[in-house]
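Residue-level structural notes
For reference, the chains in residue letters:
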Amino acid sequence: DTNNLPVIVFPDFFDRDPFEAVAAEDASRWANNGNGLTLEVVNCLDPLWHPFFDQSIMEWDTGYPDTLTLVTSVREPNF
C-alpha cells in the first residue's frame, strides 16, 4: 500500500550546486579506465524508428569533449 510509505524530504537538495566552490581538479570522478565513461543504450524501437535512433546516438556520441562512449544494442520491441 503506497499510502503507508514515509514522506522523504530532501531539504535544499535540488537548490544546491554540488560543485559550488570546488575546483575542476578536485571534483569527484566516476571510476573509469582513463578513457571516460561507456554507456550502453538499448534500441527497443520499431525498425521504422531505427534511423532516428542511430542519428541521435551518433550526434550524442560525437560531442565535445568526448568523455562519453555510447555502445548500442538492439532488442525486439515489446508492445
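The present account deals with the structure reproduced in this document. (Residues numbered from 1 in each chain as written. Predicted model: local features only at pLDDT ≥ 70, side-chain atom pairs only at ≥ 80, totals over all residues. Heavy atoms only, no water.)

1. Brief notes about the overall build of the chain
Along the chain, the regular secondary structure elements total one helix and two strands. Listing each helix as α and each strand as β along the chain from the N terminus yields β-α-β. When the 79 residues of the chain are sorted by exposure, 10% land in the buried category. Long-range pairs, those at least 24 residues apart, make up 60% of the contacts in the chain between residues at least 6 apart in sequence. (Helix = DSSP H or I, 4+ residues; strand = E, 2+ residues; numbered from the N terminus. Buried < 20%, exposed > 50% of the residue type's maximum accessible area, 1.4 Å probe, protein only. Contact = heavy atoms within 4.5 Å.)

2. Digging into the side chain of S73
Within the fold, S73 resides in strand β2 (residues 68–74). Engagement of the side chain of S73 in a polar contact is seen with the side chain of E40, the distance being 2.6 Å. (Polar contact = N/O pair within 3.5 Å; in protein donor to acceptor, adjacent residues only side chain to side chain.)

3. With respect to helix α1 (residues 50–61)
An ideal rise of 1.5 Å per residue puts 16 Å on 12 residues; α1 measures up with 16 Å between its terminal C-alpha atoms. If you check which residues of α1 are buried, you get H50, F53 and I57. Summarising the axial view, the buried residues of α1 lie within an arc of 60°, below the 170-degree limit, and thus occupy one face. Away from its buried face by more than 90 degrees, α1 exposes P51, F52 and E59. Buried positions along α1 lie against β1 (37–43) and β2. (Expected span 1.5 Å × (residues − 1). Arc of directions from axis to C-beta.)

4. Re the side chain of H50
Mapped onto the secondary structure, H50 falls in helix α1. A polar atom in the side chain of H50 sits 3.2 Å from the backbone oxygen of L45. Contact partners of H50, with chain neighbours within four places excluded, come to N43, L45 and V74.

5. Side note on the packing of aromatic side chains
Per the stated rule, a full pass over the model turns up one aromatic pair. Between W49 and F52, the ring centres sit 5.4 Å apart and the planes meet at 50°, which makes this aromatic pair tilted. Residue F52 is classed as exposed on the basis of its relative accessible area, which comes to 53%. (Phe/Tyr/Trp six-rings, centres within 6.5 Å; stacked < 30°, edge-to-face > 60°.)

6. Observations concerning the pairing of β1
For a regular strand, side chains alternate in direction, first toward one face of the sheet and then toward the other. Across seven bridges, the pairing between β1 and β2 is parallel. Paired with V41 across the two strands is T72, which belongs to β2. (Pairing = 2+ DSSP bridges.)

7. A look at the environment of N35
Turning to its location among the elements, N35 is positioned in the segment before β1. Among the residues examined, N35 registers a relative accessible area of 57% and is labelled exposed. Residues N35 and T67 lie 32 residues apart in sequence; the distance between their C-alpha atoms is 7.0 Å.

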